Amino acid sequence: MAIERTLTIIKPDAVATGHVGDVIKILESNKLAIVAARMVYLSKQQAEGFYAVHRGKPFFESLTKFMSSGPALVMVLEGENAIARLREIMGATNPANAAPGTIRKLYASSIERNAIHGSDAPETAAFEISYFFPGIELIPVSSLPCG
Ligand code: CMP
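The following refers to the structure shown. Worth saying up front: this structure is predicted, and the values here are computed from it rather than measured.

**A word on the layout of surface pockets**
Part 1: There is about 530 Å³ of room inside the largest pocket.
Part 2: Along its surface, the largest pocket is lined by 23 residues, and Tyr-51, His-54, Phe-59, Thr-93 and His-117 are the ones closest to its centre.
Part 3: Going through the elements one at a time, helix H3 (44-50), helix H5 (82-90), strand S4 (116-118) and helix H7 (122-132) are the ones with two or more residues in the lining of the largest pocket.
Part 4: It is H7 that contributes the most residues to the lining of the largest pocket, three residues altogether.

Quick look at the structure:
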């Protein structure tokens, strides 16, 4: 099993409804260690840069407006198969299709306001981590309790 890093964002909806602690509890109890964290209030331009792969899609404008509507918590997580593991515990993009107990089933309100983001592949994770944590040396997972 590979130790991976992935990027997650607790989105403005979940921050506004006070679920930061609940989401972190789920991440940590699923052996995903937080190796970097930043509270951000994205500009529209920063949200557009992060979601550049979705430019041109019908939801792009609304998504980037939502993502720049309030504070969000960006974190780098590390653990075994972290990319797939995170996506499993997040649940389906649309909370209506998310499995019981997943973060989106518990805390998301719509396909757009869906509480949490997680990288979908190693290449995406590398881009997304460097987008928010350029040049920062991350704490080795072996020094953390989830490691
Ligand atoms: P996320 O995992 O952050 O990746 C892209 C985001 O776009 C997704 O979560 C949703 O917030 C949003 N999204 C994806 N599909 C749709 C859609 N059909 N309508 C509105 N928003 C969407």
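**What about unusual backbone geometry?**
Note on backbone geometry: most residues besides glycine have negative phi, and most peptide bonds are trans.
Part 1: Phi at Asn-81 is positive, roughly 50°, even though this residue is not glycine.
Part 2: Within the fold, Asn-81 resides in the loop between strand S3 (72-80) and H5.
Part 3: Overall, Asn-81 belongs to the partly exposed group, its relative accessible area being 27%.
Part 4: Positive phi values are uncommon outside glycine, yet Ala-115 reaches one of about 70°.

**Some thoughts on the pairing of S3**
Part 1: Counted residue by residue, S3 has eight buried out of nine residues, so it is predominantly covered.
Part 2: One ladder, built from seven bridges, connects strand S2 (residues 33-40) with S3; its direction is antiparallel. Opposite Ala-33, over in S3, you have Glu-78 as the bridge partner.

**Some points on the sheet that holds S2**
Part 1: Spatially, S2-S3-S1-S4 is the arrangement adopted by the four strands of the open sheet, whose pairing is antiparallel. The strands lining the two open edges of the sheet, one partner per strand, are S2 and S4. Across the sheet, the mean angle from the axis of one strand to that of its neighbour is 20°, orientation sign disregarded.
Part 2: Lying over the sheet, H7 contacts strand S1 (3-10), S2, S3 and S4, oriented at roughly 55° with respect to S1.

**Side note on the site of the ligand**
Part 1: Neighbouring residues of the ligand: Lys-11, Tyr-51, His-54, Phe-59, Leu-63, Thr-93, Arg-104, Ile-111, Glu-112, Asn-114 and His-117.
Part 2: Measuring from an oxygen atom of the ligand, one finds a side-chain N or O atom of Asn-114 at 3.2 Å.
Part 3: Relative to its free-state accessible area of 450 Å², the ligand is covered by the protein chains to the extent of 79%.
Part 4: For the ligand, the cavity whose grid points lie within 2 Å of the majority of its atoms is the largest pocket.
Part 5: Classifying every residue of the shell around the ligand by side-chain character gives four nonpolar, four polar and three charged.

**Things to note about the nonpolar core**
Part 1: Within the largest apolar cluster, 20 residues are counted, with the highest numbers of intra-cluster contacts made by Ile-10, Leu-27, Leu-86 and Ile-103.
Part 2: Once you skip the residues sitting within four places of it in the chain, Leu-86 turns out to touch Thr-6, Leu-7, Thr-8, Leu-27, Leu-32, Leu-77, Ile-116, His-117 and Gly-118.
Part 3: Counting 19 residues, the second-largest nonpolar core is a separate cluster that includes Ala-36, Val-40, Phe-66 and Phe-133.

**Structural notes on the packing of aromatic side chains**
Part 1: One pass over the structure, following the stated rule, counts five aromatic pairs.
Part 2: On the basis of an interplanar angle of 45° and a centroid distance of 5.3 Å, the ring pair of Phe-50 and Phe-132 is categorised as tilted. Of the two residues, Phe-50 is situated in helix H3 and Phe-132 in helix H7; the sequence distance between them amounts to 82 residues. Across this residue pair, the class does not change: Phe-50 and Phe-132 are buried.
Part 3: An aromatic cluster of at least three residues, connected via ring pairs, comprises Phe-50, Tyr-51, Phe-127, Tyr-131 and Phe-132.

Rules behind the numbers
- For every chain, the first residue of its written sequence is number 1, and the numbers climb from 1 along that sequence.
- Residue-level local features of this predicted model are given only where pLDDT is at least 70; pairs of side-chain atoms are given and counted only at 80 or more, and the full residue set underlies all totals for whole chains, interfaces and linings.
- For the side-chain quantities, the full set of heavy atoms in the structure was used; hydrogens and water were omitted.
- The rule is simple: put a 1 Å grid over the protein atoms alone, call a set of points where a 1.4 Å probe fits but cannot get out a cavity, call an open set with protein on both sides within 12 Å along at least five of seven lines a pocket, and count a residue as lining if it has an atom within 4 Å of a point.
- Grid points are joined across faces, edges and corners, and a volume is the space filled by probe spheres set on the points.
- Each helix is a run of DSSP H or I of at least 4 residues and each strand a run of E of at least 2, with the numbering of both proceeding from the N terminus.
- A 1.4 Å probe rolled over the protein chains alone gives each residue an accessible area, and that area as a share of the maximum for its type sets the label: buried under 20%, exposed over 50%, partly exposed in between.
- Strands qualify as paired when DSSP identifies two bridges or more between them.
- Each axis is a line fitted through C-alpha atoms, and for a helix only the stretch in contact is used; angles between axes span 0 to 180 degrees, taken between their N-to-C directions.
- Contact definition: two residues touch when any of their heavy atoms are within 4.5 Å.
- In these notes, residues near a molecule or strand are those with any non-hydrogen atom within 4 Å of it.
- Two N or O atoms form a polar contact when they lie within 3.5 Å of each other; inside protein one atom must be a possible hydrogen donor and the other a possible acceptor, and for residues adjacent in sequence the pair counts only when both atoms belong to side chains.
- All accessible areas in this document rest on Shrake-Rupley with a 1.4 Å probe, and a residue is counted as covered only by the protein chains that are shown.
- By definition, a pocket or cavity contains a molecule when more than half of the molecule's atoms lie within 2 Å of the pocket's grid points.
- Residues are grouped as follows: Ala, Val, Leu, Ile, Met, Phe, Trp, Tyr, Cys and Pro are nonpolar; Asp, Glu, Lys and Arg are charged; all remaining types, including Gly, are polar.
- We call a set of buried Ala, Val, Leu, Ile, Met, Phe, Trp, Tyr and Cys residues a nonpolar core when their side-chain atoms join them within 4.5 Å.
- Aromatic rings from Phe, Tyr and Trp, with only the six-membered ring used for Trp, were paired whenever their centres fell within 6.5 Å, and each pair was classed as stacked if the ring planes differed by under 30 degrees, edge-to-face if by over 60, and tilted otherwise.

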